[in-house]
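# Descriptive analysis of the structure
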Amino acid sequence: MRRGVRDPIDPRVGTSVLDNGLRVVTVQLPHLHTCTLAFCVKAGPRFETAAENGLSHLVEHMLFRGTARHRGPRALGAAVDGLGAALDGATDRDLGVLRMSLPPERLRAGMELLGDIVLRPRFADIRAERALVLQEMSEDYEGGVETNPEDLACGAQFAGHPLGQRILGPRRNVERFTVGDVKRHHARFHAARNAVLCVAGPVEHAAVASAAERHFGSMRPGVEIGSAPVPPAAGGPRVCPAASSGSSVALALTLRGITRAEPQAYAAFEVLLRLLDGGGMSGRVYERLCIRDGLAYTVDAEILDHGDVTLLQFTSEVATANLVRVVADTLDVLTALARRPVPDPELLRVREGYRSSLLAQLDDTAAMAEWFGSAALFRAPSSRSARLALVSRVSPRDVMHVARRVADAAGLALAVVGPVSRPRLRALRRAVS
């Protein structure tokens, strides 16, 4: 690439900091016809005590209950619709996001509305919102037994650390949270130094920064929230069964992964993920379990990145009779990558797929706003061309080395939810050991 020529996978990114400490990031995508504003904040169970667990999620819900100007959900919804916009929010284990997508010519009005939601929420009618959260929570329980395999696996991975807490929190917490609790949590976490505002689309940084100063400049500076580091994996493998009705079993298999603190090893970790689950029919796990042996309709794999710790997670729903074999074969596919070099044609396909995915993201303003916003919140984001260069240098030996590190029983936690007999559970424990 000639000096001064921008790689097409690298959008122009602008960054500035308001006087109150709020970081404002723009991702300029002039070829698109919508833009997305993403207000990203460090929040979630990682930053909550046991008594606070679930408050970040409840605060996110309560932000949709109206503002000082739009005094209820209906009025707020009408304001959003009047801009031709779409508004949604999400709480993860260490990240909260409010997203608004709208036509670029309504950007300033959208910035004003988003600022109103974040800075001046009414927090009205907590009883109704509490009932909705409890209803959402009931989907993860059956007869008082927790049945969300991903939460169970995460709890086993990070037992004793806040990251292992549920995003929704325990029922007893949600039932006792007051408006005062919500207001205090919001004031602490939705502060300028603990947040990033990212806008992606056909926008100019100077205009975005000016609008941000006008509508977010009065936000309290606050402080950036920290958390205790996650201890190394120990004591695995851990198997967490939960009984539930039905004829199938839902499973979540997690293994400790590689962090971005090792850039080249992390690139090999991303390659390993794509070898296991290529997002289509070419992934080795899908080919083995679904195409060749018909053991599962689908098996999905993903990397869960929490900064100082990552997880490689497999999820599936399988017939009870196939459970042990599905788990054993998934681990066998992984350990095969630790024993034998990846053929060059397969590695080339993964590299091409990786570049293609980076290009596809350039057409998704929501994905770009959330990725660059959360990256700025937790670390110095690397360029996409730099990430691609690291992936292009991953060798078969690199993949083998990373697969060996990941395929470590000490970092394995498996949750299975369904009708699993004791003999089958013993066989499952043998398989993961």
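Residues numbered from 1 in each chain as written. Predicted model: local features only at pLDDT ≥ 70, side-chain atom pairs only at ≥ 80, totals over all residues. Heavy atoms only, no water.

## Some thoughts on the nonpolar core
Residues L251, F269, L272, L276, F314 and L414 are the most contacted members of the largest nonpolar core, which totals 55 residues. With ten residues, helix 9 (residues 263-276) is the single largest residue contributor to this core. Aside from chain neighbours lying at most four places away, what touches F314 is L251, A252, L253, L255, L276, V285, V299, D300, A301 and T330. Listed in part, the 50 residues of the second largest apolar core include M100, M111, V118 and V133. (Core = buried A, V, L, I, M, F, W, Y, C linked by side-chain atoms within 4.5 Å. Buried < 20%, exposed > 50% of the residue type's maximum accessible area, 1.4 Å probe, protein only. Helix = DSSP H or I, 4+ residues; strand = E, 2+ residues; numbered from the N terminus. Contact = heavy atoms within 4.5 Å.)

## Some details on the pairing of strand 13 (residues 412-417)
Of all six residues that make up strand 13, six are buried, and the element is covered over most of its length. Neither face of strand 13 is left uncovered, since the one carrying L412, L414 and V416 and the one carrying A413, A415 and V417 both have all their residues buried. Pairing of strand 9 (residues 238-242) with strand 13 involves five bridges; the strand directions are parallel. Along strand 13, the bridge assignment pairs A242 with V417. (Pairing = 2+ DSSP bridges.)

## A word on unusual backbone geometry
With an omega dihedral of 0°, the bond running from G236 to P237 counts as a cis peptide bond. With respect to the helices and strands, the residue P237 is situated in the loop between helix 8 (205-216) and strand 9. With phi around 55°, D125 is a residue other than glycine that occupies positive phi space. Residue placement: D125 occurs in the loop between helix 3 (107-119) and helix 4 (126-138). D125 sits in the partly exposed class, given a relative accessible area of 45%.

## A look at the sheet that holds strand 13
Sheet architecture is open: five strands sit in the order 9-13-10-12-11, paired in mixed fashion. The open sheet has two free edges, formed respectively by strand 9 and strand 11 (299-305), since each of these has just one partner strand. Averaged over all adjacent pairs, the angle separating strand axes in this sheet is 15°, with direction ignored. When strand 10 (residues 248-256) meets strand 13, the two strands line up antiparallel, connected through six bridges. Across the sheet, residue T254 finds its bridge partner in strand 13, namely A413. (Axes fitted to C-alpha atoms, helices over the stretch in contact; angles between N-to-C directions.)

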